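This is what each chain is made of:
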Amino acid sequence: MSRLILVLGDQLSHHIAALREARPSDVVLMAEVMDEASYVRHHPQKIAFLFAAMRKFAGELRARGLEVVYTRLDDPENSQSIGGEILRLAAARGLREVIATEPGEWRLIRALGDLPIPVHQRADDRFLASHAEFEAWAEGRKELRMEWFYREMRRKTGLLMQGDQPEGGQWNYDHDNRKPASGDLLRVRPPFCEPDAETQAVLDLVEARFPGNFGRLRPFGWATDRAGALRMLDHFVRHALDEFGPYQDAMLAGDPFLYHSLLSPYINAGLLSPREVCEAVAQAYARGEVRLNSAEGYIRQILGWREFMRGIYFLEGPDYTARNLLDHRRDLPALFWGARTRMSCMAEAIGQTRDHAYAHHIQRLMVTGNFALLAGIDPAQVHEWYLAVYIDAYEWVQAPNVIGMSQFADGGVVGSKPYVSSGNYINKMSDYCKGCAYKVAARTGRDACPFNLLYWDFLDRHRERFARNPRIGRIYATWDRMDEARRRTIRAEAADFLHRMEAGETV
Ligand code: FAD
Ligand code: DLZ
Ligand code: SF4
C-alpha cells in the first residue's frame, strides 16, 4: 500500500526520518502554502530561501528515483495549508496513511494530529538529544543549566574529548573570548551566492506576493542547496572559525557578520546536519588550524545552546510562548520595523536585519532584546518580531531564546538572571556609541543614553523580584547609593522617553 511521505520546508535532509522509511511505491509531498508563509509576516529573504531550497530539494529527491508531488504557491488548486495539501493528495491518489517527521512547532504537530487520516510523526533525529534523553537529564533537577547539559553532550558525542576528559583539561574557554573587535580590512566576508534562474523565479514570486513584509529581498546571497551550504561551511572553517572565539561577542558598525558562521539557516532547514558542522570544526582543531577556545566556543553553541533550547521548548509545552512573568504590556515600537531612531546601536542591528534577515547573537540579545526588556515590551510581540525577521527563525529555537533567554518571561527556566545592561556593555563591546546622537557616559539629561535610563528604571520597577537574585541583586546597592533626587530624575526621564516612543516620536 502506498503511503504519503511529508517533507516540510525545514526538513530538507535526505536522512530525515520520514524519508528514510520511503518505499518506491510511496509519494512524497512538499508544499508551498500561505498558512506557513504567513503565520507571521516573515522577512522576504526567509520565504525566498525556503521556497528556493524546497524546490531544489524536490529535484534532488526526484533524481534519486522518488515520486514527488510539489505544490507551488501559485498553483490554482493549492489549498494553502499543509493539512489541506495532505488531504488533497491522499484523496487524489487513494493514500490512507501519512509518514511525517515531527515538526518543530506545537501548532503544526497538533494540526497534523487533528487530520482525519492517520499521520505517524517520527522523531526528528537530526537533533543529537532526543526528547526522552532531555527529559531524563532534566528530571529532578532544581535548575536547568546549559553548561551541565553541554558536558553530557560532549561525553555522549566524544567531540573534543580525550577519553572522558575535555580536550585541554577544561570544558569551557570563554575567559579567552569576549574581546571587542576593531575594523580589519583583511577580514574575509562570507561568500555571496549569486541566485541562479530557479532562485530568481522564487525571488520574483516573493516580490509579487509579499510586498508589504518588513525587509529587503534583494540583494539575495544565501545558498539554497546542500552543495552551496557545504561551501559556506568550508569557507567559515577556513576563513573565520579561528577568530570566532575571541570576537563572538563583538559588534562593529557596518560589519554585520564579523567572524560568525551564518550557518544557522542551513542547519535549521536541514541542508547541513549539526553533527557534521561540529565534526568539521573539531577536525580543523585536530589539524592544528584553529585555536581551542574558538573550536570549543563554536561547538558549545551547537551542541550546548542549540540542543538545550530545543529541549526546553518541548519540555515546557505549548503555552510557553504566552508567558509573561514580568507582566510587560507595552506595544512594540515602530522603530523595530525600521522607523528612524537616534540610537545608533538599534539602527545598526535593525538595519542589518532589514537588509540581510540576519543579526548575530549579541545584537539579538544585548541590543534589540535588551532594549525590548528594559522598555517593558509585551513578550508576545517581541516573540512575533524575532520569529518574523530572521532567516533562521523557527519556533523551537526562537521561542526559548526570546521568551526565555532574552525577555525573562519564562521566570528563569532558561536563564538564572535577566540579560539587561546599561549602555556601558554596548560601548565596551562595540563602536556604535561613537556615532550615536546620545552620549553613553551621560546618565541623565537630554543626551543621556536611553539604555542607561531604562536600565535603572527596569531594576527599580522589578526590585521585589530581583533584589534577592544572587546574580543581579547586588546592583541595588549602587542604586541605593544614588541620592533620591537623582533616582527621581532617572525615573522621570525614563518615563518621558517611553512616552515619546509610544507617541511615535523619533527617539
Ligand atoms: P554563530 O555565531 O556562527 O553560531 C554558531 C551556531 O550556533 C549557530 O549557527 C546556531 O546554530 C548555534 N547557536 C548559537 N547560539 C544559539 C542559541 N542561543 N540557540 C540556538 N542555537 C544557537 N537562533 C536560531 O537558529 N534561530 C532563531 O530564531 C534564533 N533567535 C534568537 C533570538 C534571540 C533573542 C537570541 C538572543 C538568539 C537567537 N538565536 C536564534 C541564537 C543565535 O543568535 C543564532 O543562532 C545565531 O545568531 C545565528 O547566526 P550564526 O549562524 O552566524 O551563528
Ligand atoms: C517557514 C516556512 C515557510 C515560510 N513556508 C513553508 C511552506 O510553504 N511549506 C512548508 O512546508 N514549510 C514552510 N515553512 C516552514 C514551516 O513553517 C516549519 O516546518 C514549521 O514552522 C515547523 O518548524
Ligand atoms: Fe546605543 Fe546608548 Fe551607545 Fe547610543 S549611546 S549606541 S543608544 S548604547
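Note that the coordinates shown come from a computational prediction; the quantities given were computed from them, not determined experimentally.

A. Examining the overall build of the protein more closely. What the protein contains, in helices and strands, is 22 helices and seven strands. Burial status across the protein gives 59% buried among its 507 residues. When the accessible area of the protein is evaluated, it comes to approximately 21,100 Å², of which 49% is carbon and sulfur surface.

B. A look at the site of ligand 2. Of all residues adjacent to ligand 2, which total 18 residues, the nearest are Asp 10, Ala 31, Val 33, Glu 36 and Glu 105. For ligand 2, an oxygen atom lies 2.8 Å from a polar atom in the side chain of Glu 105. For ligand 2, the accessible surface in isolation is 500 Å², of which the surrounding protein chains cover 100%. Because more than half of its atoms lie within 2 Å of the grid, ligand 2 is assigned to the largest cavity. Every element with two or more residues in the shell around ligand 2 is listed here: α2 (34-38), α3 (44-63) and α5 (106-113). By residue number, the principal contributor to the shell around ligand 2 is α3, which donates three residues. Tallied by class, the residues present in the shell around ligand 2 amount to ten nonpolar, three polar and five charged.

C. Expanded view of the pattern of salt bridges. All chains considered together, the criterion is met by 45 salt bridges. Between Arg 3 and Asp 26 there is a salt bridge whose closest N-O contact spans 2.7 Å. With Arg 3 in the segment before β1 (4-6) and Asp 26 in the loop between α1 (17-20) and β2 (27-31), this pair connects stretches of sequence that are 23 residues apart. Residue Arg 3 shares its accessibility class with Asp 26, and that shared class is buried. Between Asp 174 and Arg 300 there is a salt bridge, with the nearest N and O atoms lying 3.1 Å from each other. Placement of Asp 174 in the loop between β7 (165-166) and α8 (197-209) and of Arg 300 in helix α13 (residues 292-316) is noted, with a sequence separation of 126 residues between them. The residues Asp 174 and Arg 300 share a single accessibility class, namely buried.

D. Spotlight on the packing of aromatic side chains. Counted under the stated rule, the structure contains 30 aromatic pairs. Each ring, one from Trp 385 and one from Tyr 390, has its centre 5.9 Å from the other, and the planes form 85°; the classification is edge-to-face. Tyr 390 shares its class with Trp 385; the two are buried. Taken together, the aromatic side chains of Phe 336, Phe 371, Trp 385, Tyr 386, Tyr 390, Phe 451 and Phe 497 make up a single cluster linked through ring pairs.

E. Expanded view of empty space enclosed by the protein. Counting across every chain of the model gives seven cavities of 30 Å³ or more. For the largest cavity, the calculated volume is near 340 Å³. If you trace the largest cavity, you find 24 residues lining it, with Gly 9, Glu 36, Tyr 39, Leu 50 and Tyr 394 closest to the centre. It is α3 that contributes the most residues to the lining of the largest cavity, five residues altogether.

F. View of the packing of α3 against α8. One can describe the packing of α3 onto α8 by two numbers: an axis separation of 9 Å at closest approach and a directional angle of 140°. Classified by the angle their axes make, α3 and α8 are oblique. As for the relative orientation of α3 and α8, their crossing is right-handed in sense. Contacts between α3 and α8 involve Pro 44, Ile 47, Ala 48, Phe 51, Ala 52, Arg 55 and Lys 56 on the former and, on the latter, Glu 198, Thr 199, Val 202, Leu 203, Leu 205 and Val 206. Residue composition of the contact of α3 with α8, grouped by class: nine nonpolar, one polar and three charged.

G. Broad picture of unusual backbone geometry. The peptide bond linking Arg 218 to Pro 219 adopts the cis configuration, its omega dihedral lying at -5°. With a phi close to 45°, Leu 258 is a non-glycine residue in the positive phi region. Residue placement: Leu 258 occurs in the loop between α10 (241-247) and α11 (264-269). If you check the backbone angles, Ala 357 has positive phi at about 55° while not being a glycine. Along the polypeptide, Ala 357 turns up in the loop between α14 (344-356) and α15 (361-374).

H. Geometry of helix α6 (residues 131-138). Residues Phe 134, Trp 137 and Ala 138 constitute the buried set of α6. Taken down its axis, α6 places every buried residue within 95° of arc, on the same side. Opposite the packed face of α6, turned more than 90 degrees from it, sit the exposed residues Ala 132 and Ala 136. Looking at the buried side of α6, the elements it contacts are α7 (146-157) and α13.

I. Seen up close, the site of ligand 3. The local shell around ligand 3 holds 13 residues, among which Ser 344, Cys 345, Cys 433, Cys 436 and Cys 449 are the closest. Split into classes, the residues belonging to the shell around ligand 3 amount to eleven nonpolar, two polar and no charged.

J. Fine view of the nonpolar core. Counting 160 residues, the largest nonpolar core has Met 30, Leu 263, Tyr 266, Met 343, Met 346 and Phe 371 as its most contacted members. In this structure Met 343 touches Leu 335, Phe 371, Cys 436, Tyr 438, Pro 450, Phe 451, Phe 497 and Val 507, once residues within four positions along its chain are discounted. Ranked by size, the runner-up nonpolar core spans 19 residues in total, among them Val 27, Ala 90, Ala 100 and Leu 112.

K. Quick peek at the domain arrangement of the protein. Looking at the assigned domains, one finds that the protein contains domain 1 (4-122), domain 2 (131-190 + 240-315) and domain 3 (334-502). Computed over C-alpha atoms only, the centres of domain 2 and domain 3 are separated by 25 Å. At the junction of the two partners, domain 2 supplies 30 residues and domain 3 supplies 30 residues. Across the interface of domain 2 and domain 3, roughly 2,500 Å² is buried in total on both sides, 66% from carbon and sulfur atoms. Its largest share of buried area at the contact with domain 3, domain 2 owes to Met 251, Met 309 and Tyr 313, together 28% of the area lost on that side. Taken together, the links from domain 2 to domain 3 amount to zero salt bridges. Where domain 2 meets domain 3, there are nine residue pairs in polar contact (both at pLDDT 80 or more).

L. View of the layout of surface pockets. In this structure, the second largest pocket spans a volume of roughly 320 Å³. Elements represented by at least two residues in the lining of the second largest pocket include exactly α3 and α12 (274-286). There are two domains that each give the lining of the second largest pocket at least three residues, and those are domain 1 (4-122) and domain 2 (131-190 + 240-315).

Cut-offs and rules
Residues numbered from 1 in each chain as written. Chains lettered and ligands numbered in written order. Predicted model: local features only at pLDDT ≥ 70, side-chain atom pairs only at ≥ 80, totals over all residues. Heavy atoms only, no water. Helix = DSSP H or I, 4+ residues; strand = E, 2+ residues; numbered from the N terminus. Buried < 20%, exposed > 50% of the residue type's maximum accessible area, 1.4 Å probe, protein only. Areas by Shrake-Rupley, 256 points an atom, 1.4 Å probe, with all protein chains shown as cover. Near = heavy atom within 4 Å. Polar contact = N/O pair within 3.5 Å; in protein donor to acceptor, adjacent residues only side chain to side chain. 1 Å grid on protein atoms, 1.4 Å probe; cavity = no way out; pocket = protein on both sides within 12 Å on 5 of 7 lines; lining within 4 Å. Sits in = over half its atoms within 2 Å of the grid points. Nonpolar A, V, L, I, M, F, W, Y, C, P; charged D, E, K, R; others polar. Salt bridge = Lys/Arg side-chain N within 4 Å of Asp/Glu carboxyl O. Phe/Tyr/Trp six-rings, centres within 6.5 Å; stacked < 30°, edge-to-face > 60°. Points joined across faces, edges and corners; volume = space filled by probe spheres on them. Axes fitted to C-alpha atoms, helices over the stretch in contact; angles between N-to-C directions. Parallel < 35°, antiparallel > 145°, perpendicular 65-115°, else oblique. Left-handed = near helix turned anticlockwise from the far one by under 90°. Contact = heavy atoms within 4.5 Å. Arc of directions from axis to C-beta. Core = buried A, V, L, I, M, F, W, Y, C linked by side-chain atoms within 4.5 Å. Domains from an automatic or database assignment. Buried area = accessible area lost by both parts, 1.4 Å probe.

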